[in-house]
Amino acid sequence: MAETCIVVGAGVAAYGFANAIREAGYQGRVVLFGAESVAPYERPPLSKQFLTGKKDEDALLFQPVSFYEERSIELCLGTPVEEIDLQRRVVRTGDGSEHGFDQLVLATGARPNRLPVPGAELAGIFTLRSLADARALRAALAAAERVFVVGGGFIGCEVAASARLLGKQVALVETLPVLLGRVLGPEIGAAITRVHERQGVALYLGRRVVGIEGQERVERVVLDDGTALPCDLVVVGIGVQPALPAIVGELRIDDGVVVDATCAASVPGVWAAGDVARWWHPRVERFIRVEHYDNALEQGAAVAKAVAGQPEPYVPVPSFWSDQYDLTIQQYGYPVEWDEVVVRGDLDQPAFTAFYLKEGRIYGAVIVRRPREMRPARRLVEALAQVDRSLLADPNVDLRQLMS
């Protein structure tokens, strides 16, 4: 009897798996359970082109339902998995039914953090993770004039940019002194901060929200210095947590499902991919968890090969991009603490490439408006290269010459 592989989740990683599993030679039954009622779709446009009306829902789908049917992949949409029993090797869905598996792929993604302040339950407060979230926010934006964004990470910055492009008044609060400071550091974060200031976003940096006020829906946001700011809606972008249903049995979990270099979990026949997976990266010799689209897609495909009996070490250079106004921020690199940043180009314009070094090796790069440097920068990161700082910082030096 053919074995059954169940995929829990129907996001980017699940699509990466579905797109590769038959090509990898797997002959077993494949069942994909998704909590949302829509087939796997692209999430990055939700905060950008979808919010601004430049992309509709149909354009977000990776593939029509017929794609899965042709590959004999069973799509169980609108069917959240509530419990996974690893001892009995069954998943239980929201309707109480149980489904047995021989192999299990956890592609459950992450869920947004909620704002833990009085008034956070009022109507008019949004997070942005799913298509349903984006639909609701897009409709609310159409009727709003004053938008308040909590959090200066990528989601917060992208929503602020989209709202400004729609002609809304936008205020943004961030606990750090610059936008994107956690991921890009103070120097590069300051460059992105200036972009938003010039676009007319009212920034409240080094501040935090202590309360939200209103009668039946949000009317004001109160900051820790007593400032009360009127608004029509609030968007909260303060990070995410790995999402998992209830687990019966011993599964190693520590900031996500802990897996080895081949994405195998601590229980035989169980794998994880995407935002929920924290895997051993042989190149940097540490466990990392990456919340980016490219990684989810590639890791899903890597797990497909493993399920089909061809496990290989998964050793990508994580990559990410963010569109804000007419700016594309391209990032390559490993999530490690750096001790030095070397910049070539103009931070004020901005048009630059920044390299993130640890103990002299290049662990990351961020490229803005220097597209010809994207490929060589990625190769330098991939090699963990050691390069003369003066050459690295000189915009007249061709990066390709530094690939020794």
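Residues numbered from 1 in each chain as written. Predicted model: local features only at pLDDT ≥ 70, side-chain atom pairs only at ≥ 80, totals over all residues. Heavy atoms only, no water.

A word on the overall build of the protein
At step 1: When helices and strands are tallied, the protein shows eight helices and 27 strands.
At step 2: In summary, the protein has a C-alpha radius of gyration of 22 Å against a globular reference of 22 Å for 404 residues, a match within 12%.
At step 3: Taken across its 404 residues, the protein has 54% of its residues classed as buried.
At step 4: Put simply, 61% of the contacts in the protein that link residues at least 6 apart link residues at least 24 apart.
At step 5: Accessible surface for the protein amounts to roughly 17500 Å². Of this, 47% is attributable to carbon and sulfur atoms.
At step 6: The distance from the centre of the 42 positive side-chain charges to the centre of the 52 negative ones in the protein is 3 Å. (Helix = DSSP H or I, 4+ residues; strand = E, 2+ residues; numbered from the N terminus. Rg over C-alpha atoms; globule rule 2.2 N^0.38 Å. Buried < 20%, exposed > 50% of the residue type's maximum accessible area, 1.4 Å probe, protein only. Contact = heavy atoms within 4.5 Å. Areas by Shrake-Rupley, 256 points an atom, 1.4 Å probe, with all protein chains shown as cover. Lys, Arg positive; Asp, Glu negative; His and termini not counted. Charge placed at Lys NZ, Arg CZ, Asp CG, Glu CD.)

Comments concerning the pairing of strand 12 (residues 202-205)
At step 1: The pairing of strand 11 (residues 169-174) with strand 12 spans four bridges and is classified as parallel. Bridge pairing in strand 12 links Ala-171 to Ala-202.
At step 2: One crossover worth recording links strand 11 to the parallel strand 12 by way of helix 5 (residues 181-198), and it is right-handed. (Pairing = 2+ DSSP bridges. Right-handed = clockwise from strand over helix to strand, strands pointing away.)

Thoughts on helix 4 (residues 154-165)
At step 1: Across its 12 residues, helix 4 extends 16 Å between first and last C-alpha, which sits within 8% of the 16 Å expected from 1.5 Å per residue.
At step 2: The buried fraction of helix 4 is high, at nine of 12 residues.
At step 3: Looking at the residues trailing helix 4, positive phi occurs at Gly-167, about 85°. (Expected span 1.5 Å × (residues − 1).)

A few points about the sheet that holds strand 4 (residues 81-85)
At step 1: The sheet built from four strands is open, its strands ordered 6-5-4-18 with mixed pairing. Every other strand in the sheet has two partners, leaving strand 6 (98-100) and strand 18 (246-248) as the edge strands with one partner each. Across the sheet, the mean angle separating the axes of adjacent strands is 20° when strand polarity is ignored.
At step 2: Here strand 5 (residues 90-93) runs beside strand 6; their pairing, made up of three bridges, is antiparallel. From the neighbouring strand, Val-90 faces strand 6, where its bridge partner is Gly-100. (Axes fitted to C-alpha atoms, helices over the stretch in contact; angles between N-to-C directions.)

Comments concerning the pattern of salt bridges
It is possible for side chains bearing opposite charge to pair when their charged atoms get close.
At step 1: Following the criterion strictly, the structure yields 29 salt bridges and no others.
At step 2: Between Arg-207 and Asp-225 there is a salt bridge; the shortest N-O distance is 3.7 Å. Note that Arg-207 is positioned in the loop between strand 12 and strand 13 (209-213) and Asp-225 in the loop between strand 14 (220-223) and strand 15 (228-230), a separation of 18 residues in sequence.
At step 3: Looking at Asp-225, the relative accessible area reads 42%, which means it is partly exposed.
At step 4: Taken together, the shared-partner salt bridges in this structure form one network comprising Arg-207, Arg-208, Asp-224 and Asp-225. (Salt bridge = Lys/Arg side-chain N within 4 Å of Asp/Glu carboxyl O.)

Topic: the side chain of Gln-103
At step 1: Here Gln-103 lies in strand 7 (residues 103-106).
At step 2: Taking relative accessible area as the criterion, Gln-103 reaches 11% and is therefore assigned buried.
At step 3: Reaching out from Gln-103, the side chain makes a polar contact with the side chain of Trp-271 at a distance of 2.9 Å.
At step 4: For Gln-103, the side chain forms a polar contact with the main-chain oxygen of Val-307, separated by 3.1 Å. (Polar contact = N/O pair within 3.5 Å; in protein donor to acceptor, adjacent residues only side chain to side chain.)

What to know about the packing of aromatic side chains
At step 1: Per the stated rule, a full pass over the model turns up 10 aromatic pairs.
At step 2: Each ring, one from Tyr-15 and one from Phe-62, has its centre 4.2 Å from the other, and the planes form 0°; the classification is stacked. In this pair, Tyr-15 sits in helix 1 (residues 12-21) while Phe-62 sits in the loop between strand 2 (29-34) and helix 2 (65-70), placing the two residues 47 residues apart along the sequence.
At step 3: Look at Phe-62 and you get buried, because its relative accessible area is 16%.
At step 4: Seen from their ring centres, Trp-280 and Phe-287 are 5.1 Å apart, and the 70° between their planes marks the pair as edge-to-face.
At step 5: According to the relative accessible area criterion, Phe-287 is partly exposed, its value standing at 26%.
At step 6: Ring-pair connections join several aromatic residues into one group, and the members of that group are Tyr-15, Phe-62, Phe-67, Tyr-68, Tyr-293 and Trp-321. (Phe/Tyr/Trp six-rings, centres within 6.5 Å; stacked < 30°, edge-to-face > 60°.)

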